[in-house]
Amino acid sequence: MQTILEVRGLKRTFYKDKELFTAVNGISFEVKKGECLGLVGESGCGKSTTAKMITRLLEAEEGTIYLNGKEIQNLKGRKLRGIYDDIQMVFQTPQDSFDPRCKLGDGIMESMINHGMTRVKAKTRMLELMQMVELDSGFAERYPHQVSGGQCQRAAIARALAVEPSLIVLDEATSALDVTVQAQIVELLKKLQREMNLSMLLICHDLALVQNLCDRVLVMYQGNIVEEGTPDEVIQNPKEEYTKILIDSVL
Amino acid sequence: MDTFTETTRKEEAPLLDLQHVEISYNRIPVVHDMSLKMKPGEILGIVGESGSGKSTVIKAAMGLLGKNGAVTRGDIYYKGFNVLDAKGEELRRMRGPQMGMIFQNTGASLCPIRNIEEQLYESVLQHEEVSRQEIRDRALDLFDKMKLKDGARILKSYPFELSGGMNQRVGIMMAMVLKPKLLFADEPTSALDVTVQAQVVREMVHMRELFGTGIAIVTHNIGVVEYMADKVAVMYQGNLVEYGTVKDVIYNPQEAYTKKLIGSVLRINRG
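Remember, predicted model here, so these are calculated numbers, not experimental data.

Cut-offs applied
- Residues numbered from 1 in each chain as written.
- Chains lettered and ligands numbered in written order.
- Predicted model: local features only at pLDDT ≥ 70, side-chain atom pairs only at ≥ 80, totals over all residues.
- Heavy atoms only, no water.
- Helix = DSSP H or I, 4+ residues; strand = E, 2+ residues; numbered from the N terminus.
- Rg over C-alpha atoms; globule rule 2.2 N^0.38 Å.
- Buried < 20%, exposed > 50% of the residue type's maximum accessible area, 1.4 Å probe, protein only.
- Contact = heavy atoms within 4.5 Å.
- Areas by Shrake-Rupley, 256 points an atom, 1.4 Å probe, with all protein chains shown as cover.
- Pairing = 2+ DSSP bridges.
- pLDDT = per-residue confidence, 0-100.
- Buried area = accessible area lost by both parts, 1.4 Å probe.
- Salt bridge = Lys/Arg side-chain N within 4 Å of Asp/Glu carboxyl O.
- Polar contact = N/O pair within 3.5 Å; in protein donor to acceptor, adjacent residues only side chain to side chain.
- Axes fitted to C-alpha atoms, helices over the stretch in contact; angles between N-to-C directions.

A. Inspection of the overall build of chain B at higher detail. A count of helices and strands for chain B gives 12 helices and 10 strands. Here the C-alpha radius of gyration of chain B, 19 Å, is about what a compact globule of 271 residues would show, namely 18 Å. Its C-alpha atoms put chain B at 60 × 55 × 35 Å along the principal axes. Across the 271 residues of chain B, 52% fall into the buried class. Here the contacts in chain B between residues at least 6 apart in sequence split such that 68% fall between residues at least 24 apart. Within the structure as shown, chain B displays about 12500 Å² of accessible surface, and the carbon and sulfur contribution to it stands at 49%.

Here is the structure:
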């Protein structure tokens with residue numbers, strides 16, 4: 001199977017109270033075509049830092065990132081912008097990731113127009129995407145504050161899909177949503193994965209969600225990957241102490 | 001006038017009794033005809049989605065609706081005493097020793113420029129005439145019961161120096177130090193990691209075992225309710241759609257919305 005993302009020895013440190021703190025300590029993993037990889041662990045274990053380094057929103061200090069076989073960690077300017085054709089992100093609070101003064105439809109169209117698509121074409125495509133994420137076309141005319149969290153998250157997923165990326169990184173994308181809405185978003189992601197053979201990196205702390213959606217899971221603890229396997233393997237037969245605590249904490 | 005101290009003798013009265021309560025914000029009803037009863041020491045879980053009115057109900061019982069909100073119909077009784085009649089001093093005396101509250105983000109509800117210890121003294125001294133040493137001992141004892149080792153350091157800390165989970169424990173300690181009969185908890189674990197959430201939930205159940213405190217917990221986490229509650233109230237668009245024991249409601253839901261809600265909960269398969 002084709003490898004979409006390959007990460008080797010990724011490392012990042014921060015200063016915390018004037019002391020050096022290693023957020024991500026030389027981790028390596030890969031995401032295959034059409035695979036959904038889960039990344040779980042508690043707050044501060046380095047999950048989001050990893051996501052930010054992969055998407056180049058944060059510089060890695062050491063290590064290499066290959067996206068579709070190309071090294072991306074040293075790209076700059078136009079070439080750096082080019083990687084976002086292949087990799088897109090969905091964040092925890094969708095309302096914050098849309099321009100508050102811009103309608104949702106325009107937010108979704110922006111990336112396509114930046115890629116040289118005409119406004120008319122972009123609009124047609126935007127309406128298709130809205131349909132794909134099961135949003136009524138009327139929502140294109142609304143502002144982020146005029147829709148619910150779940151509707152806004154659907155729009156954020158539509159926006160991520162607009163450029164037809166090979167990988168989307170979902171950072172706690174369902175954590176802020178109500179359970180009923182979360183269930184709908186999970187169904188939507190499953191459908192998209194099936195229909196578009198999308199690769200996903202799902203960052204969350206909800207093991208039940210990971211078991212439901214992911215093909216493989218990595219457990220992170222204090223900047224290191226402590227366990228790896230299929231969700232069933234990891235949940236039913238955890239090897240590391242931390243993984244056991246994490247599983248016992250699911251009420 | 002009926003004051004709270006006289007009615008505390010009505011031992012047989014329910015701990016909390018909501019009778020056909022309607023709550024409005026700016027004269028628009030947001031909670032309709034809500035009735036429920038809590039026995040002393042009972043844990044009630046109130047579930048539902050954002051905007052369903054869960055938090056509004058406990059705010060009404062605590063008298064925290066603010067200027068724009070009001071109970072427009074029905075009555076709320078605490079041990080047979082109508083809390084809606086309580087005003088000023090009377091309400092102030094009830095909040096704390098009788099009815100305590102824990103918020104979602106205790107760190108934000110504390111003063112950022114004073115340490116935990118000073119704020120603890122201030123809140124306890126509003127209700128009891130005790131020495132600072134005794135308050136300190138009680139606080140450390142509670143931390144001890146929550147199996148937190150360095151209570152003394154926590155007391156000396158400022159809210160921003162503590163993690164979210166630690167701040168929530170401070171919230172539980174500050175509410176429990178007055179030994180309330182009824183504790184309202186508004187999404188007390190929603191902002192926490194699963195591992196920390198599990199600890200906080202266990203500590204709250206432990207507090208009930210130790211002090212017989214009744215707890216009304218608002219949450220959207222069905223797992224938390226299933227673990228700790230005796231009874232559950234399901235709210236949808238301001239209405240109480242289902243109310244009963246955890247066994248009845250969670251394992252055998254009757255209403256369409258409850259079925260959808262329970263069906264949406266992702267379960268972990270431990271094999």
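B. Broad picture of the sheet that holds strand β1 (residues 3-16) of chain A. Residue and element names in this part refer to chain A. With antiparallel pairing, 4 strands are arranged side by side in an open sheet as β2-β1-β4-β5. In this open sheet, the two edge strands, each paired with only one partner strand, are β2 (19-32) and β5 (70-71). One ladder, built from 2 bridges, connects strand β4 (residues 62-67) with β5; its direction is antiparallel. Directly across from Y66, in β5, lies its bridge partner E71.

C. Representation of helix α5 (residues 116-125) of chain B in the model. Listed as buried for α5 of chain B are I116, E117, Q119, L120, Y121 and V124 of chain B. Where α5 of chain B is buried, its residues contact α6 (132-145), α7 (151-156) and α8 (164-176) of chain B.

D. View of the confidence of the model for chain A. In the predicted model, chain A carries a mean pLDDT of 91, and 100% of its residues have values of at least 70. Looking over chain A, one finds the lowest element-wise mean pLDDT in helix α3 (residues 94-97) of chain A, namely 86, and the highest in strand β3 (residues 36-40) of chain A, namely 95.

E. Quick look at the interface of chain B and chain A. Chain B puts 22 residues into the contact, and the matching count from chain A is 24 residues. Together chain B and chain A conceal approximately 2200 Å² of surface at their shared face, both sides included; 59% is due to carbon and sulfur atoms. For the pair chain B and chain A, the interface holds 0 salt bridges. Across the contact surface, chain B and chain A share 7 residue pairs in polar contact (both at pLDDT 80 or more). For the side of chain B that touches chain A, the secondary-structure elements that each account for two or more residues are α9 (194-211), α10 (222-228) and α12 (256-264) of chain B.

F. Structural detail: the sheet that holds strand β10 (residues 224-229) of chain A. Residues and elements named next belong to chain A. Across the sheet, which stays open at both edges, the 6 strands sit in the order β6-β7-β8-β3-β9-β10 with mixed pairing between neighbours. With one partner strand each, in any of the chains shown, β6 (87-90) and β10 form the two edges of the open sheet. Geometrically, the sheet is characterised by an average inter-axis angle of 20 degrees between neighbouring strands, direction not taken into account. In this sheet, strand β7 (residues 167-171) lies alongside β6 in parallel orientation, the contact comprising 4 bridges. Along β7, the bridge assignment pairs M89 with V169.

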